[in-house]
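# Per-entry structural report
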Amino acid sequence: MRRPISRRTFIATGLGATAAAFARWDTRPDTILHNGRILTMGASDPEVEALALAGSRVFAIGTNTEMLALAGTGARRVDLGGQRVTPGFNDAHSHPCGSGVALLTQVALDMDSIEDIKSAIRAKAAATPPGDWVIGFLYDDTKTPRPLDRGDLDAAAPEHPVVVQHRGGHTAFVNSRALALAKIAENSPNPPHGEYFRDKAGRHNGRVAEDAAEAILALAVKPPSRDDYRKGAALISKQFASRGITSACEADGNPAILQGYQDARDAGELMGRFYTHIDYGELDKMIAAGVHTGFGDEWVRVGAVKLFADGSISERTALLSEPYAGLDGFRGIARASRETLYAQARKAYLAGWQVGTHANGDVAIDTILGVYEQLQREFPRRDPRLRIEHCTLVTPDLVRRIKAAGVIPLPFAGYVFFHGEKMHFYGDERLKHMFAMRDFLDAGIKAAPGSDYTASPAEPMLWLRSEVTRADASGHTWGANQRIRVEEAIRCSTVHGAYASFEEDIKGTLEPGRLADLVVWDHDLLTIDPTHLMSVKPERTMLGGRWVYEA
């Protein structure tokens, strides 16, 4: 290792302070990206013209002249043509691997017509042996003129049990054969932490929620093979790269999903970096193997233990202190008691794990925040970075407590825009405190948003459009007080995403020593009218110094 040269020496030699990292390396750069508008997200040099790369890392940053002067005879020189460059985006809460498996094995129903959905189910049933399950996903009940019901699914596939999962993952729609196979009679009571929805006559309408849906899906979905998981991880990582996403948190994984990412990486098929939460039900296996948060490498890393406190925002099952508008006093569904959440979180916390708890409604957030506060009082630990996944509806007091406890909220990035037609269930006043990015940032909280894909699209420009304008697709503004600036939104999905996974020392910025994960965009995100952000596309995506997507 060469002896470091001082900043003053570099300035004196004409290279400038931004190239000072050159002194800390024994190698020379192999690639120079120049003539760009490169948003580094770094504190000292937030925007530069050029980057020098060595292998998978950023070698130095600075002006065109400075960086080109570092290039040896064999170095690649890439003219960016004045294009805007950002660090790769980080989807800080999503479900990539399972979504990839579903794309390979189930019928996608992201359609706005009941008849089109029935036709797709009918076609899938025709290719499925009678009596076998037909499984759909990506359905959204507010994107169709009315929700699917039991009668629709009976008509589409009378000889098959059918289950159609809402894209949010907390509810499903089933037919009569599915109810019969699950031994659910008309007079069956709701299960703990679940619900069977009924029509006005008191009969099952086919909609089931939370643990009621989970029980039916457990009957319907065959465990994927190891090869299924590899293919699913590879497929989604390729799709993410094409959208400018180079890192993501797998928000509810298990050892098989973790293996799928590792297999895709080992096969050279993985086009992204994945921080993989592990469902609480798998915790004993992981403890027995001596594994906890942080185990892995820069490609695949073990994340938090995942817990669940309540339901969904898009499916209207989140646990709220005040009823949903127009739903007859319904306030949502608790997924676990406080006592259960404390016991689960304590076990994971004391075994050295980060804890990430799904909590959307203000009641659920208050509950899990109280658990986290109790754990830190009883067992103080340096920098545990406890997470509240989604953390949707907050109050000023909850924001204060989140800041005091050092908890990381992970709000939905694109819900205001993508799920705008559902927001009337919450109302304008409540939306002033939902997806509360402005409140979090003003409090100094490193909120790290995610798509929750498949619950909403893994599309960074949709995220920015939603966070910056707070307007839905119809133009209605929900909670204008929570708007943030474009550069702030980029920071939240790069720097803060890395922080949420303890990886701020290796990614999130384009500074010397960080991974060369970046996106070249076809328009400037910082100058385009925010209402046109969704027209912006990646031209190229780089992962570890290698182009993994080119338009």
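Please read all numbers here as calculations on a predicted model, not as lab measurements. (Residues numbered from 1 in each chain as written. Predicted model: local features only at pLDDT ≥ 70, side-chain atom pairs only at ≥ 80, totals over all residues. Heavy atoms only, no water.)

Our focus in this paragraph is the overall build of the chain. Summing up its helical and strand segments, the chain has 19 helices and 23 strands in all. The C-alpha atoms of the chain give a radius of gyration of 24 Å, which matches the 24 Å a tight globule of 551 residues would have. The principal-axis extent of the C-alpha atoms belonging to the chain is close to 85 × 55 × 50 Å. Looking at the chain residue by residue over its 551 residues, the buried ones come to 59%. For the chain, the proportion of contacts with a sequence separation of at least 24, taken over those separated by at least 6, is 73%. Accessible surface computed for the chain: about 21000 Å², of which carbon and sulfur atoms make up 52%. (Helix = DSSP H or I, 4+ residues; strand = E, 2+ residues; numbered from the N terminus. Rg over C-alpha atoms; globule rule 2.2 N^0.38 Å. Buried < 20%, exposed > 50% of the residue type's maximum accessible area, 1.4 Å probe, protein only. Contact = heavy atoms within 4.5 Å. Areas by Shrake-Rupley, 256 points an atom, 1.4 Å probe, with all protein chains shown as cover.)

What follows covers the pattern of salt bridges. Taken as a whole and judged by the stated rule, the model has 40 salt bridges. Two residues, Asp 517 and Arg 273, come together in a salt bridge whose shortest N-O distance is 2.7 Å. Of the two residues, Asp 517 is situated in the loop between α19 (495-500) and β21 (518-521) and Arg 273 in strand β16 (residues 273-279); the sequence distance between them amounts to 244 residues. Side by side, Asp 517 and Arg 273 carry an identical accessibility label, which is buried. (Salt bridge = Lys/Arg side-chain N within 4 Å of Asp/Glu carboxyl O.)

A separate point is the sheet that holds strand β6 (residues 76-79). Taken in spatial order, the 4 strands of this open sheet run β5-β4-β1-β6, and their pairing is mixed. The open sheet is flanked by β5 (57-62) and β6, the only strands paired with a single partner. Sheet twist, expressed as the average angle between the axes of neighbouring strands with direction ignored, equals 20°. Pairing of strand β1 (residues 31-34) with strand β4 (residues 50-54), which is carried by 3 bridges, proceeds in the antiparallel orientation. When the sheet's bridge partners are listed, Thr 31 is paired in β4 with Leu 53. (Pairing = 2+ DSSP bridges. Axes fitted to C-alpha atoms, helices over the stretch in contact; angles between N-to-C directions.)

Bringing the confidence of the model for the chain into the picture now. This prediction gives the chain a mean pLDDT of 94; 95% of its residues lie at or above 70. The low-confidence segment residues 1-25 (pLDDT under 50) makes 41 contacts with residues lying over four places distant or belonging to another chain. (pLDDT = per-residue confidence, 0-100.)

Tracing the backbone shows Ser 188 in the loop between α6 (176-181) and β13 (194-198). It is 21 Å that separates the C-alpha atoms of Ser 188 and Gln 165, two residues lying 23 residues apart in sequence. Apart from residues no more than four positions distant in its own chain, Ser 188 is found in contact with Lys 183, Tyr 196 and Arg 198. A polar atom in the side chain of Ser 188 sits 2.8 Å from the backbone nitrogen of Ala 185. (Polar contact = N/O pair within 3.5 Å; in protein donor to acceptor, adjacent residues only side chain to side chain.)

Residue placement: Ala 123 occurs in helix α4 (residues 114-126). A sequence separation of 293 residues divides Ala 123 from Val 416, and the C-alpha atoms of the two residues are 34 Å apart.

For sheets, the rule is that strands pair by backbone hydrogen bonds, running either parallel or antiparallel. An order of β9-β10-β11-β12-β14-β13 is seen for the 6 strands of this open sheet, with the pairing classed as mixed. For this open sheet the edge positions go to β9 (107-108) and β13, each flanked by a neighbour on one side alone. Sheet topology note: the strand β12 (residues 171-174)/strand β14 (residues 204-210) ladder contains 3 bridges and is antiparallel. Directly across from Ala 172, in β14, lies its bridge partner Val 208.

Ranked by internal contacts, the top residues of the largest apolar core, which has 81 residues, are Ile 388, Phe 440 and Leu 464. Counting residues per element, this core draws most heavily on helix α12 (residues 362-378), which supplies 7 residues. The contacts of Ile 388, once residues within four sequence positions are left out, are Thr 357, Ala 359, Ile 365, Ile 368, Leu 369, Tyr 372, Val 407, Ile 408, Pro 409 and Leu 410. Phe 197, Ile 313, Ile 333 and Phe 435 belong to the second largest nonpolar core, which has 20 residues in total. (Core = buried A, V, L, I, M, F, W, Y, C linked by side-chain atoms within 4.5 Å.)

Close contact between helix α11 (residues 338-350) and α12 brings their axes to 10 Å; oriented N to C, the two are set at 45°. With respect to α12, the axis of α11 lies oblique. Note on packing geometry: the crossing formed by α11 with α12 is right-handed. In contact with Arg 338, Leu 341, Tyr 342, Ala 345, Arg 346 and Tyr 349 of α11, α12 contributes Thr 367, Ile 368, Gly 370, Val 371, Gln 374, Leu 375, Gln 376 and Glu 378. (Parallel < 35°, antiparallel > 145°, perpendicular 65-115°, else oblique. Left-handed = near helix turned anticlockwise from the far one by under 90°.)

In contact at an axis separation of 7 Å, helix α3 (residues 96-105) and helix α8 (residues 226-242) are set at 105° when each is read in the N-to-C sense. One finds that α3 runs roughly perpendicular with respect to α8. The residues of α8 that touch α3, namely those facing Pro 96, Cys 97, Ser 99, Gly 100, Val 101, Leu 103 and Leu 104, are Asp 228, Tyr 229, Lys 231, Gly 232, Ala 233, Leu 235, Ile 236, Gln 239 and Phe 240. Across the contact of α3 with α8, the residue classes break down as 10 nonpolar, 4 polar and 2 charged. (Nonpolar A, V, L, I, M, F, W, Y, C, P; charged D, E, K, R; others polar.)

Turning our eyes to something else, we now look at the layout of surface pockets. By volume, the second largest pocket amounts to about 480 Å³. Phe 197, Asn 205, Arg 207, Arg 316 and Leu 327 are the residues nearest the centre of the second largest pocket, which is lined by 16 residues in total. Those elements that provide at least two residues to the lining of the second largest pocket are β13 and β14. For the lining of the second largest pocket, the per-class residue count stands at 7 nonpolar, 3 polar and 6 charged. (1 Å grid on protein atoms, 1.4 Å probe; cavity = no way out; pocket = protein on both sides within 12 Å on 5 of 7 lines; lining within 4 Å. Points joined across faces, edges and corners; volume = space filled by probe spheres on them.)

On to the side chain of Glu 389, then. Relative to the elements of secondary structure, Glu 389 occurs in strand β19 (residues 387-390). Excluding anything up to four places from it in sequence, Glu 389 contacts His 93, His 277, Lys 306, Gly 356, Thr 357, His 358, Ala 359 and Leu 410.

On to empty space enclosed by the protein, then. Across all of its chains, the model carries 4 cavities of 30 Å³ or more by this definition. Space inside the largest cavity adds up to approximately 90 Å³. Along its surface, the largest cavity is lined by 13 residues, and Gly 88, Thr 246, Lys 507, Gly 508 and Asp 517 are the ones closest to its centre. Mapped onto the lining of the largest cavity, the elements with two or more residues apiece are β8 (89-94) and β15 (245-253).

Turning next to α11. Because each turn of an α-helix spans 3.6 residues, side chains separated by three or four positions end up pointing in the same direction. Its 13 residues place the ends of α11 18 Å apart at the C-alpha level, agreeing with the 18 Å of an ideal helix rising 1.5 Å per residue. Taken together, the buried positions of α11 are occupied by Leu 341, Tyr 342, Gln 344, Ala 345, Ala 348 and Tyr 349. Considering only its buried residues, α11 is in contact with α10 (283-288), β17 (300-308), β18 (355-359) and α12. Of the residues one or two after α11, Gly 352 is the one with positive phi, at around 90°. (Expected span 1.5 Å × (residues − 1).)

Now for α4. End to end, α4 covers 18 Å across 13 residues, agreeing with the expected 18 Å (1.5 Å per residue, within 8%). Turning to α4, its buried residues are Ile 114, Ile 117, Lys 118, Ala 120, Ile 121 and Ala 125. The buried residues of α4 occupy an angular sector of 160° when the element is viewed end-on, so they sit on one face. Where the residues of α4 are buried, they touch β9, β10 (134-139), α5 (150-156) and β11 (162-166). Two or three places before Glu 115, at the start of α4, stands the capping residue Ser 113, its side-chain oxygen 3.3 Å from that residue's backbone nitrogen. (Arc of directions from axis to C-beta.)

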